[in-house]
Every structure is written in C-alpha cells, then in structure tokens.
Amino acid sequence: MRLGETPSQTVGPYLTIGLAWDEGAYVVPEDTAGAVWISGTVYDGAGDTVSDALIETWQGPDVHWTRGVPGGGFAGFGRCPTDGGGRYRILTRLPEPVDGQAPHLDVSVFARGLLDRVVTRVYFPDHELANGGDPVLASVSDERRRTLLARQTPDGYAFDIRLQGADETVFFDV
Amino acid sequence: MTEVPAYRRPAAGTHPPLNTPAYRSTALRHPTRPLILLPQRLTELTGPVLGETLLLPTDNDLTRQYDGEPQGQRIIVHGRVLDGDGHPVARSLIEIWQANAGGRYRHGADSWPSPLDPYFDGVGRTVTDDEGRYEFVTIKPGPYPWGNHANAWRPAHIHFSLFGRAFAQRLVTQMYFPDDPLFTHDPIFNAVPDEAARRRMVAALDMERTAPRWALAFRFDVVLRGNAATPFEEVRG
Ligand SMILES: [Fe+2]
C-alpha cells in the first residue's frame, strides 16, 4: 500500500506555545564531562534576526543515549526557540565520527515564514582531518562549505544560520 | 557502510514551496540557493525516542488542564499516524497547539481584541499506541485575523508536530476542519500545490466516534514518509 504524505505547514508565529520545552536545550545535563554550548543567531535575507524560529538538533546513535534517556537528557535531541535577538543555544556533547562521517549534528530550522523546515548540519573546525574525509562536506562547494562549520567560542561553538543572502547557509534536501 | 533503508521523497506538489509569495513572510526567509541532496545516512535514518516520560496525565485533554472548563465547542480529534507504506508509526510523540474558541492564542505576540480563556492554554501532547492511534479532547479553535494582506483571516486549524521514527520523517503541519469557507482565501493552506495533498490536511467529521450529548469527533490521519526500499532491515547502531 502506498499513501500520499501529509503536507508540511508553517509553525507560525506562536510556535513556542506548543514546541518550547523547559529543558529542551539540554541534550546532556549541565555537569556532563565534555559538554559544550552550541549557540548562534538566525538571520533573514535582510540581515535581521529571526525571533520566531525554533532550532532542533539531532545527533545519531551514541552508546550514551540510544537506549534511553539518561540523566534526564533528551536522547540526543535538542530543541531551542530563538529569543528576541534571534539567538538559540543547545548544550550537548560532540558526537563521535560515524559511518565515515566527521562529527556533526543534523539541524532543523522551523519559523514563521518557513512552510517546511529547512535542514542543515553543524560541523566542528577542530576536526579538520575528519572533515576533510566527510562525504557530505565534500558534496558542497569550497566557497559554501564554511557555512556548515561552527566557530570555537570560550564555552563551545557558535553556529549562525542565514536563511537567505550572500552568506546563505547550505540547506539540504533530506 | 551497511545498506540501510532510505525514506522516499514525497511526490512533487505535496509540500509547499519555501518561496510562496502569497504568504509574504516567506519573502526574506526562503533559501534562494538550491537545496543540496543529502543521501540519507545513519543520522537521518534514526531519530529521538520521545515517549511517555515527557507527558502529564491531562496532556491529551486540553479541556481538563484547569479547575474550570474552557468556553467553546468540545471536540474529539483522533486518528492514526502511518508511514507512506501504510504501516503504523507506534509509540511516537505528537504535539499540538491551537487558538481558543475565539481564535486567540495564549502568546505574548497575539494581541488582537478577542479574549483569552482563563481555562485554556491550547497545548496538548500524546504518544501513539502500538497501532499508531492517538486521541485528543479539545475545543474547536476559532479563525483569527493576521497581517498578511487586507482583512486576512486564517481558517480554523490545529498545529501538529510529529517525529515519526527518524529525523527524515519529522513533520510539522496544520489540521483543518471540513468545508471551511476561508480555505479559498488562505495562502498558507493553498501553498500546497497538489489539491489531493491539500485535502489530506482536512479532518473528517466522524459520527462513529462522536460522543452523544458530549462532543463531536473529527478524524485526522497523518502520513509520514515511507521507506524507499521495501524490506525493512535493522539499522545497525
Ligand atoms: Fe495558527
């Protein structure tokens, strides 16, 4: 049997009513060894910050969370609405390389004005060797690849998302 | 890398184009570069397990989250979550949010002159059973005005968020009510190009499940992507 899929619709401006979780930003608890903040700002095509977006992160199977939700974390899943300044942040631990891919997080961006989520990936600049052999990074032009690389910060990494414009983030058709 | 099943890409016309000028907020928010094809790998073929631990007992009854009952017409909204192959999506989180009977959201950015209901938040969560079934009790939301164009009103709808089993199946959509005269005026509903696909966002009146002298029922089945490869093989983890 084949069924047609249900279409996507925008989350609209009031997404936080249904999609904000108190501890959503904490993929791992605050005192976890090796925990890092991944934080950033979402921008639109005019360079303005987007204050009604939601960022979700997913990192693939990891012995520490595939079989449950240890320590009250969210099983490798993070979720954070953007604030008034378009900012989000997620506390996690970097995933291991998997299947010949460099450490990465899959990211969904939802927002008013996005009729479907857009999907990108975060990679980490201190994994240069693994990044060099990553098949997904290799599928992106040299010029745009840097939009997928986070920057190191004192407490982790910064990863800004530009929905449109000269430095538009690379988005994937999954 | 072992061979793992991939999720089928939906037929053209199923999902709305990110660039939909009639919905003005898309103008500065849709990517202008073509999306890059991402062959689905382990990260896309797996997803979070979000189950009952997140839920409170009243999370699927939006009329019982306070000591008093909300205004408006009580309704039952139920259905199944299936994948494109007709298999149930079991034990999977569904989140909903909606306006109250007067079309007002409990949100700081919603300030149109329709009152809040002290007994209604408009937020629900549940987890599908082994057959992919779910049920909510709620209030029929009202249509509401928005700023897209002169005298713009959204048809009544309930926002639905679904996870499925894998990152590739994640879906956020809206459930509409049958025969809403506002459909023809709504650029968000009409952003879906295929008419049959648009109809899949519209719930059906369900007299069988309607509770006499209590609540009308509406049935809304949600279909997530199916497997491109027919036999499902264990994803190694
Ligand atoms: Fe809405």
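Predicted model only: the values in this text are computed from it and were never measured.

Peer 1: Could you give an account of the overall build of chain B, with specific residues and numbers?
Peer 2: The secondary structure content of chain B amounts to two helices and 12 strands. Along its sequence from the N terminus, chain B presents helices and strands in the succession β-α-β-β-β-β-β-β-β-β-α-β-β-β. In summary, chain B has a C-alpha radius of gyration of 19 Å against a globular reference of 18 Å for 237 residues, a match within 12%. Taking the principal axes of its C-alpha atoms as reference, chain B extends roughly 55 × 40 × 30 Å. Looking at chain B as a whole, 54% of its 237 residues qualify as buried.

Peer 1: Account for empty space enclosed by the protein, with residues named and values stated.
Peer 2: Under the criterion given, the structure shown has three cavities of 30 Å³ or more. Empty space within the largest cavity amounts to approximately 60 Å³. Lining the largest cavity, in full, are Glu56(A), Thr57(A), Trp58(A), Phe77(A), Ser108(A), Arg117(A), Pro48(B), Phe163(B), Ala166(B), Phe167(B) and Arg170(B). Taken together, the residues of the lining of the largest cavity break down into six nonpolar, two polar and three charged.

Peer 1: Which residues make up the sheet that holds strand E3 (residues 93-98) of chain B, and what values do they have?
Peer 2: Residue and element names in this part refer to chain B. Within the open sheet, the four strands sit side by side as E4-E3-E8-E9. Their pairing is antiparallel. Edge positions in the sheet fall to strand E4 (123-127) and strand E9 (171-176), since each has one partner strand and no second. Put simply, the sheet's adjacent strands are angled 20 degrees from each other on average, direction ignored. The pairing of E3 with strand E8 (residues 157-162) spans five bridges and is antiparallel. Bridging across to E8, Glu95 finds its partner in Ser161.

Peer 1: Just give me the short version of the coordination of the iron ion, but keep the residues and values in it.
Peer 2: Any two of four tetrahedral donors ideally make an angle of 109.5 degrees at the metal, while pairs among six octahedral donors ideally make 90 or 180 degrees. Residue and element names in this part refer to chain B. Coordination of the iron ion by the protein is provided by Tyr105 (OH), Tyr144 (OH), His157 (NE2) and His159 (NE2), with metal-donor distances spanning 2.0 to 2.2 Å. Around the iron ion sit four donor atoms, and with donor-metal-donor angles ranging over 92 to 160 degrees the site reads as irregular. Binding-site remark: the iron ion is held by donors from one chain whose sequence spacing is Y-x38-Y-x12-H-x1-H. Separated by 39 residues along the polypeptide, Tyr105 in the loop between E3 and E4 and Tyr144 in strand E6 (residues 144-146) bring together distant segments of the chain.

Peer 1: Can you break down the pattern of salt bridges residue by residue, with the values?
Peer 2: Working definition: two side chains of opposite charge can pair if their charged atoms are close together. Tallied over the entire structure, the rule returns 26 salt bridges over all chains. Here Arg112(A) makes a salt bridge to Asp52(A), at a shortest N to O gap of 2.6 Å. Pair noted here: Arg112(A) is in the loop between strand E5 (104-111) and strand E6 (118-123) and Asp52(A) is in the loop between strand E1 (36-43) and strand E2 (53-58), with a separation of 60 residues, a long-range link. Among the residues examined, Arg112(A) registers a relative accessible area of 26% and is labelled partly exposed. Residue Arg219(B) is joined to Asp221(B) by a salt bridge in which the shortest nitrogen-to-oxygen separation is 3.2 Å. By relative accessible area, which is 33% here, Arg219(B) ends up partly exposed. By relative accessible area, which is 28% here, Asp221(B) ends up partly exposed.

Peer 1: Pulling in residues and values, what's your account of the environment of Tyr176(B)?
Peer 2: If you trace the backbone, Tyr176(B) turns up in strand E9. A residue is classified by how much of its surface remains accessible, and Tyr176(B), at 0% relative accessible area, is buried. Remark: the alpha-carbon pair of Tyr176(B) and Pro39(B), spanning 137 residues in sequence, is separated by 33 Å. Contact partners of Tyr176(B), with chain neighbours within four places excluded, come to Gln9(A), Arg154(B), Pro155(B), Ala156(B), His157(B), Phe183(B), Asp186(B), Ile188(B), Phe189(B), Met201(B), Val202(B) and Ala203(B). Among the polar contacts made by the side chain of Tyr176(B), one reaches the side chain of Gln9(A) at a distance of 2.6 Å. Here the side chain of Tyr176(B) touches Gln174(B) through a polar contact of 3.1 Å, side chain to side chain.

Peer 1: Help me get a handle on the interface of chain B and chain A, residues and values and all.
Peer 2: Counting residues at the interface gives 82 residues for chain B and 67 residues for chain A. Interface of chain B and chain A: buried area, both sides summed, is about 6400 Å²; carbon and sulfur atoms make up 58% of it. When the area that chain B buries against chain A is broken down by residue, the three leading residues are Arg29(B), Ile36(B) and Phe167(B), summing to 14%. One can count six salt bridges joining chain B with chain A. Inspection of the region where chain B meets chain A yields 35 residue pairs in polar contact (both at pLDDT 80 or more). Considered class by class, the residues forming the side of chain B that touches chain A number 43 nonpolar, 20 polar and 19 charged. Here strand E10 (residues 172-173) of chain A pairs with strand E1 (residues 36-37) of chain B via two bridges, running parallel. Following the sheet pairing, Asp173(A) is matched in E1(B) by Leu37(B).

What counts, and at which threshold
- Residues numbered from 1 in each chain as written.
- Chains lettered and ligands numbered in written order.
- Predicted model: local features only at pLDDT ≥ 70, side-chain atom pairs only at ≥ 80, totals over all residues.
- Heavy atoms only, no water.
- Helix = DSSP H or I, 4+ residues; strand = E, 2+ residues; numbered from the N terminus.
- Rg over C-alpha atoms; globule rule 2.2 N^0.38 Å.
- Buried < 20%, exposed > 50% of the residue type's maximum accessible area, 1.4 Å probe, protein only.
- 1 Å grid on protein atoms, 1.4 Å probe; cavity = no way out; pocket = protein on both sides within 12 Å on 5 of 7 lines; lining within 4 Å.
- Points joined across faces, edges and corners; volume = space filled by probe spheres on them.
- Nonpolar A, V, L, I, M, F, W, Y, C, P; charged D, E, K, R; others polar.
- Pairing = 2+ DSSP bridges.
- Axes fitted to C-alpha atoms, helices over the stretch in contact; angles between N-to-C directions.
- Donors = N, O, S within 2.8 Å, 3.2 Å for Na, K, Ca; no water.
- Tetrahedral: all angles 85-135°; square planar, octahedral: opposite > 155°, others 65-115°.
- Salt bridge = Lys/Arg side-chain N within 4 Å of Asp/Glu carboxyl O.
- Contact = heavy atoms within 4.5 Å.
- Polar contact = N/O pair within 3.5 Å; in protein donor to acceptor, adjacent residues only side chain to side chain.
- Buried area = accessible area lost by both parts, 1.4 Å probe.

Just geometry here; none of it tells us what the structure is for.
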